[in-house]
Amino acid sequence: MGSTGAITFRYSEEKLFGVIAELGWAQRGWKENYEEHPFSYSRSITYVNLPILTHIYFGSSRFKCFVNLGPEFGLYLSDKITADFDYTNPAAVPDYPHNRRTEQLAMPVSTKFDYGICASLGFEFYVQPRHSLVVEARYYFGLGNIYPSSKADTFGASRNMTISATLGYNFRMK
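Residues numbered from 1 in each chain as written. Predicted model: local features only at pLDDT ≥ 70, side-chain atom pairs only at ≥ 80, totals over all residues. Heavy atoms only, no water.

What follows covers the overall build of the protein. Within the protein, the regular secondary structure consists of one helix and seven strands. Secondary structure of the protein in N-to-C order comes out as β-β-β-β-α-β-β-β. Taken against the 2.2 N^0.38 rule, which gives 16 Å for 174 residues, the C-alpha radius of gyration of the protein at 20 Å runs more than 25% over that of a compact globule. Based on the C-alpha atoms only, the size of the protein along its principal axes is roughly 65 × 35 × 20 Å. Sorting the 174 residues of the protein into buried and exposed places 34% on the buried side. A sequence separation of at least 24 residues applies to 62% of the contacts in the protein between residues at least 6 apart. In the structure as shown, the protein presents an accessible area of about 10900 Å², 61% of it carried by carbon and sulfur atoms. A gap of 11 Å separates the mean positions of the 17 positive and 16 negative side-chain charges of the protein. (Helix = DSSP H or I, 4+ residues; strand = E, 2+ residues; numbered from the N terminus. Rg over C-alpha atoms; globule rule 2.2 N^0.38 Å. Buried < 20%, exposed > 50% of the residue type's maximum accessible area, 1.4 Å probe, protein only. Contact = heavy atoms within 4.5 Å. Areas by Shrake-Rupley, 256 points an atom, 1.4 Å probe, with all protein chains shown as cover. Lys, Arg positive; Asp, Glu negative; His and termini not counted. Charge placed at Lys NZ, Arg CZ, Asp CG, Glu CD.)

Evaluated as defined, the whole model comprises eight salt bridges. One salt bridge in this structure joins Arg-28 and Glu-72, with 2.7 Å as the shortest N-O distance. A residue pair is termed long-range when its members are at least 10 positions apart, and Arg-28 in strand E2 (residues 17-31) and Glu-72 in strand E4 (residues 63-83) qualify at 44 residues. Since its relative accessible area comes to 5%, Arg-28 is described here as buried. A relative accessible area of 2% means that Glu-72 is categorised as buried. Connected through shared salt-bridge partners, Glu-22, Glu-136 and Arg-138 make up one network. (Salt bridge = Lys/Arg side-chain N within 4 Å of Asp/Glu carboxyl O.)

The next thing to look at is the sheet that holds strand E1 (residues 4-11). With antiparallel pairing, the seven strands of this open sheet are ordered in space as E1-E2-E3-E4-E5-E6-E7. Either end of the sheet is taken by a strand with one partner, and the two such strands are E1 and strand E7 (159-171). Within this sheet the neighbouring strands show an average axis-to-axis angle of 20°, counted without direction. As defined by bridge partners, strand E6 (residues 131-145) adjoins E7 across twelve bridges and the pair is classed as antiparallel. (Pairing = 2+ DSSP bridges. Axes fitted to C-alpha atoms, helices over the stretch in contact; angles between N-to-C directions.)

What follows deals with the packing of aromatic side chains. By the definition in use, this model includes 14 aromatic pairs. Look at Trp-30 and Tyr-147: their rings are 6.5 Å apart centre to centre, the planes differ by 80°, and that puts the pair in the edge-to-face class. Here Tyr-147 lies in the loop between E6 and E7 and Trp-30 lies in strand E2, a separation of 117 residues in the sequence. Given the relative accessible area of 21%, Trp-30 is considered partly exposed. By relative accessible area, Tyr-147 is classed as buried at 4%. On the numbers, 5.9 Å between centres and 85° between planes, the contact of Tyr-34 with Phe-85 is edge-to-face. Taken as a pair, Tyr-34 in the loop between E2 and strand E3 (41-59) and Phe-85 in the loop between E4 and helix H1 (103-106) lie far apart in primary sequence, 51 residues in all. When its relative accessible area of 10% is taken as the criterion, Phe-85 is described as buried. (Phe/Tyr/Trp six-rings, centres within 6.5 Å; stacked < 30°, edge-to-face > 60°.)

Here it is, written out as structure tokens:
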């Protein structure tokens, strides 16, 4: 649904093990599926995020594979809604499928702090001893809800889940 980017700090003192901290942003959200109806709705939520990951790697001096795992914390920045109908009052929209749940369409994000578990697989190719290209596939499972989730609320759970693919360029500072 959106873009992601980060500045990565990696510390690898051991032969096969290290720690990674990233400071970046991620756009998460969803797109409603109206199947046979001519409506479109999408919502993009932007976070500043901080994953702190264990970094387990193996391979040669030119090519390494890795697995990363750890917690991720995020802080809500903004959200953007794109729709081709009045999502604040879908009952007034002609031919709108009225058997659908619509509370989430205009509901503001109530929890500004997001947290969850992050895991990734990837590989790193060293162009020079201090420069490398990184390809990574990452999965994020949010543990916090973006909407209220008590028994009296509309939703029991509203967690972020993200699958992302990234391409990066690393250079060693020291």
